[in-house]
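These are the residues of each chain, in order.
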Amino acid sequence: MKIIIAQTAGFCMGVRRVVDLAVDTASAETQGNVYTLGPLIHNKQTMEMLYKRGVQTIESDNVPSSKSTVMVRAHGVPPKILNDYEERGHKIIDGTCPKVKTVHKVIQKYRRQGYSIIITGDEGHAEVIGLQGYAGDKGYLIGSVDDIKKLPSLQKICLVSQTTFDRKVVDSIAEKIKTAFSDSEIVIRKTICSATDKRQEETEQLAREVDAMIVDGGKHSANTLRLAALSKKYSSVCLHIETESEIDWDKISHCNTVRITAGASTPNWMIK
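Summary of the structure given here. (Residues numbered from 1 in each chain as written. Predicted model: local features only at pLDDT ≥ 70, side-chain atom pairs only at ≥ 80, totals over all residues. Heavy atoms only, no water.)

**Comments concerning the nonpolar core**
Side chains of nonpolar character tend, in soluble globular proteins, to be buried together. If you look at the biggest cluster of nonpolar residues, it comprises 18 residues, and the most contacted ones within it are Val18, Leu40, Ile41, Leu50 and Met71. Top contributing element to this core by residue count: helix H1 (residues 13–28), with six residues. Leaving out residues up to four positions away in the same chain, Leu50 has contacts with Val19, Ala22, Val23, Leu40 and Val55. Core analysis: the next-biggest nonpolar cluster, separate from the first, contains 14 residues, Ala9, Ala212, Val237 and Ile271 among them. (Core = buried A, V, L, I, M, F, W, Y, C linked by side-chain atoms within 4.5 Å. Buried < 20%, exposed > 50% of the residue type's maximum accessible area, 1.4 Å probe, protein only. Helix = DSSP H or I, 4+ residues; strand = E, 2+ residues; numbered from the N terminus. Contact = heavy atoms within 4.5 Å.)

Below, the structure written as structure tokens:
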């Protein structure tokens, strides 16, 4: 059996940055644990590693009353939450992915200019909650072309997307918005992360060429779930696993070529 590992598999820049930041912060912290507002990334094995180093996950409304070190995860948080913790005197370590930060800045810029902000993304996703926080009452969340008909009449529109959203869905939504709001002023900003775009493109291409695809990554990771969906669409055999113990050997025993890809929050040691 030939085993091929995708070139784009594993930690993206934003995830690697926030994990390194958490490890460094925990190593330097002398006054207790480091708290993260929700899971730092969507990978259970990495979170277990960080927990052993003193990095604890808490909900945003459960930060200790005493001054603490609080980390913002790669997905970012609404600005109100960040401001609240700073006012309470907590030390803030901002681990927001720079690509997500860029979307925040785009939203702020066009909101100030009077645009309504249409966000394409997964409802309830951590990054999307942060984007909605920056858009405020000017924001509208949609997840499909069908959702466009639920939008009110809008004169000035800025379209952005969750950085890990499906690029083809975003392109379809953008074209439909141009038609549905033909008399409106429309700005379309393609904010899908280039690493996400390349990962999806590579997965789609190579799923057609191998006997089986193994997608390694968290079952709650949006970008990993999209890779699994793409793999299942184009490959007759696809396994979405978190650890090697989940491999279904019967399904791949007849395969000559197996390709392994992984989500942006999957560490190299899991891939290996």
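Right, picking up where we left off after that structure.
**Considering the packing of H1 against helix H2 (residues 44–52)**
Packing of H1 against H2 leaves a shortest axis separation of 10 Å and a crossing angle of 15 degrees. In terms of their interaxial angle, H1 and H2 are classed as roughly parallel. For the element pair H1 and H2, the recorded crossing hand is right-handed. Taking contact as the criterion, the partners of Val19, Ala22 and Val23 in H1 are, on H2, Thr46, Met49 and Leu50. (Axes fitted to C-alpha atoms, helices over the stretch in contact; angles between N-to-C directions. Parallel < 35°, antiparallel > 145°, perpendicular 65-115°, else oblique. Left-handed = near helix turned anticlockwise from the far one by under 90°.)

**Considerations on the environment of Glu127**
Assignment of secondary structure puts Glu127 in helix H5 (residues 126–135). Along the backbone, Glu127 and Thr96 are 31 residues apart, and their C-alpha atoms lie at a distance of 9.4 Å. With residues near it in sequence (within four places) discarded, Glu127 still touches His75, Val100, Ser161, Gln162, Thr163 and Thr164. Among the polar contacts listed, one links the side chain of Glu127 to the backbone nitrogen of Thr163, at a separation of 2.8 Å. (Polar contact = N/O pair within 3.5 Å; in protein donor to acceptor, adjacent residues only side chain to side chain.)

**Description of the side chain of Thr224**
By the element assignment, Thr224 lies in helix H8 (residues 222–234). Classification of Thr224 by relative accessible area gives buried; the value is 0%. Here Thr224 is in contact with Val215, Asp216, Gly217, Gly218, His240 and Gly263, once residues within four sequence places are set aside.

**Points about the pairing of strand E6 (residues 116–120)**
Most of E6 is tucked away: five of the five residues are buried. What you see with E6 is no split at all: Ser116, Ile118 and Thr120 on one side and Ile117 and Ile119 on the other are buried throughout. Relative to strand E8 (residues 156–161), E6 runs parallel, the two sharing five bridges. Across the sheet, residue Ile118 finds its bridge partner in E8, namely Leu159. Where E6 lies against strand E7 (residues 139–142), four bridges are found, and the strand directions are parallel. Pairing of Ile118 across the sheet is with Tyr140, part of E7. Crossover E6 to E7 through H5 is right-handed. (Pairing = 2+ DSSP bridges. Right-handed = clockwise from strand over helix to strand, strands pointing away.)

**Considering the sheet that holds strand E4 (residues 69–72)**
Strand order in the open sheet made by the four strands is E3-E2-E4-E5, with parallel pairing throughout. Each edge of the open sheet carries a strand with a single partner, namely strand E3 (55–58) and strand E5 (91–94). Direction aside, neighbouring strands of the sheet carry axes that sit 30 degrees apart on average. For strand E2 (residues 34–37) and E3, the ladder comprises four bridges, and the chain directions are parallel.

**Here we look at the environment of Gly130**
Within the fold, Gly130 resides in helix H5. The buried category is assigned to Gly130, whose relative accessible area is 0%. Taking the C-alpha atoms as reference points, Gly130 and Lys80, separated by 50 residues in sequence, lie 9.7 Å from one another. When residues no more than four places from it in sequence are discounted, the contact partners of Gly130 are Val77, Pro78 and His104.

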